[in-house]
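As a plain string of letters, each chain reads:
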Amino acid sequence: MATVRPGSLPAAGGATASPAEAGRRARAFALLGTVQVTLIFTITLIAVPLPTIGREFGLGRSSLILASAAYGLSFGGLLLFGGRLADRRGGRAIFTTGLAIFAMASSVAAAAPGSATGS
């Protein structure tokens, strides 16, 4: 059984991690936690505009449930695709590329004068 020194965390295989490694793990865990919360918010945010979507497109309650499910399924499928890309191309590169695309799309959406922009 490995002895854990104060200020260090157990590493894989029973060895102890250095304080620098422990800090790196804590930052990685914080980043992953932030990403997970963002993903959950993204999926649950579809519930906010559902009444407006229903009114504008003349959809009933069952159709709105299907629209919400379709969003979740496509989101999950793209998430799996992103994971596969990260396995092939490297997690850091794909994560950075995804953040850049997301930031650019968010900036364009924020600069739009209204929801009917481009129509």
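Our subject in this report is the structure included herewith. (Residues numbered from 1 in each chain as written. Predicted model: local features only at pLDDT ≥ 70, side-chain atom pairs only at ≥ 80, totals over all residues. Heavy atoms only, no water.)

## Some thoughts on the pattern of salt bridges
Under the counting rule described, the total for this entry stands at two salt bridges. With its nearest N and O atoms 3.6 Å apart, the salt bridge here joins Arg24 to Glu21. Of this pair, Arg24 and Glu21 both sit in helix H1 (residues 19-44), three residues apart, roughly one helical turn. What emerges from the salt-bridge pattern is a single network uniting Glu21, Arg24 and Arg25. (Salt bridge = Lys/Arg side-chain N within 4 Å of Asp/Glu carboxyl O. Helix = DSSP H or I, 4+ residues; strand = E, 2+ residues; numbered from the N terminus.)

## Description of the packing of helix H3 (residues 61-89) against helix H4 (residues 91-111)
Where H3 contacts H4, the two axes come as close as 7 Å, and the packing angle between them is 135°. By the angle between their directions, the pair H3 and H4 is classed as oblique. When H3 is examined against H4, the residues Gly82, Leu85, Ala86 and Arg89 are found in contact with a partner set consisting of Gly91, Ala93 and Ile94. Broken down by class, the residue content of the contact of H3 with H4 amounts to four nonpolar, two polar and one charged. (Axes fitted to C-alpha atoms, helices over the stretch in contact; angles between N-to-C directions. Parallel < 35°, antiparallel > 145°, perpendicular 65-115°, else oblique. Contact = heavy atoms within 4.5 Å. Nonpolar A, V, L, I, M, F, W, Y, C, P; charged D, E, K, R; others polar.)

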